[in-house]
Amino acid sequence: MEAQGGNRLSCGTICLKYLLFLFNILFWLAGAAVLAVGVWTLVEKSDYISLLNSSFYSASAYILIAAGVIVIVTGIIGCCATLKEMRALLIVYLVLLICIFLLEIIAGVLAYITYQELDEELRQNLKVTMQQKYKQPGENGVTQAVDKLQQEFKCCGSYNSSDWRDCAWIQEPHNKRLVPDSCCKSPDDLCGLRDHPSNIYKVEGGCIMKLEEFILSQLYILGAVGIGIAFLQLVGMMFTCCLYQNLKEDPY
């Protein structure tokens, strides 16, 4: 292996070089995974945004996408710096790793604080939203989100199926349903006429509890991924510093 100027790199430097290159491949894959989770969150779960007053859900998805792109770009810079043995680019790479590491810590703290606020907002607003906006003119987004929520999480009502008794749509004179058709275990037109447990999700728990569990599970996954990436970054910082020092010591 030849360094710039025709001088041979030491065995230790060569090992560091390829260890850092391997790290960057793992780091790049981690960034791609974060990007994929962000896109999935935005595409598959975006209907729930209409049920929340805050922009936390959509903002978190965009943050994941941006973080994934930044990690991928940083990984590419790291690969270039390693293969080309460029000390200046290694410094840029190290600074980016440190910045991402600090941002992860800040994002983790903010996510925890925001979740507490989101949880309280969910409890306060979801029941009112479902009762006042479901099947109302101009509220198609809410209606679709509620139907999808009840079917996907196998729940009925915000706390339980009796919440639908106070729904503006259920109380309309022409409507004989006791619950929306999306509460049914086998959804069909007018299946909401019967609210027996054999027909609807009556004993499975309310949608607030199910949605809270879902959001919390997503935060746990993101936390685990974040810890994994943070560990990789610490290893990468160590390798980068060692390689930078060895390249300084190796004559060019």
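A quick note: this is a predicted structure, and the numbers were derived from the prediction, not measured. (Residues numbered from 1 in each chain as written. Predicted model: local features only at pLDDT ≥ 70, side-chain atom pairs only at ≥ 80, totals over all residues. Heavy atoms only, no water.)

(A) Main features of the overall build of the protein. Looking only at helices and strands, the protein has five helices and zero strands in total. Tracing the protein from N to C terminus, the helices and strands come up as α-α-α-α-α. Within the span of the protein, comprising 252 residues, buried residues form 40% of the whole. Pairs at least 24 apart in sequence give 69% of the contacts found in the protein among residues at least 6 apart. Put simply, the protein shows about 13100 Å² of open surface, and 66% of that area lies on carbon and sulfur atoms. (Helix = DSSP H or I, 4+ residues; strand = E, 2+ residues; numbered from the N terminus. Buried < 20%, exposed > 50% of the residue type's maximum accessible area, 1.4 Å probe, protein only. Contact = heavy atoms within 4.5 Å. Areas by Shrake-Rupley, 256 points an atom, 1.4 Å probe, with all protein chains shown as cover.)

(B) Molecular detail of the side chain of Asn199. On the secondary structure map, Asn199 appears in the loop between α4 (140-152) and α5 (207-249). Since its relative accessible area comes to 14%, Asn199 is described here as buried. When sequence neighbours within four positions are dropped, the list of residues in contact with Asn199 reads Cys183, Cys184, Lys185, Cys191 and Arg194.

(C) Here's a closer look at the nonpolar core. The biggest cluster of nonpolar side chains holds 29 residues, and the ones touching the most others in it are Leu51, Leu149, Trp164 and Leu211. If you list the elements that add at least two residues to this core, you get α3 (87-133), α4 and α5. Looking at which element gives the most residues to this core, the answer is α5, with five residues. Apart from residues lying up to four places away in sequence, Trp164 is in contact with Met130, Tyr134, Val146, Gln150, Cys156, Gly157, Ile170, Leu178, Val179, Pro180 and Cys183. If you look at the next biggest cluster of nonpolar residues, it comprises 20 residues, including Phe27, Val34, Tyr93 and Leu247. (Core = buried A, V, L, I, M, F, W, Y, C linked by side-chain atoms within 4.5 Å.)

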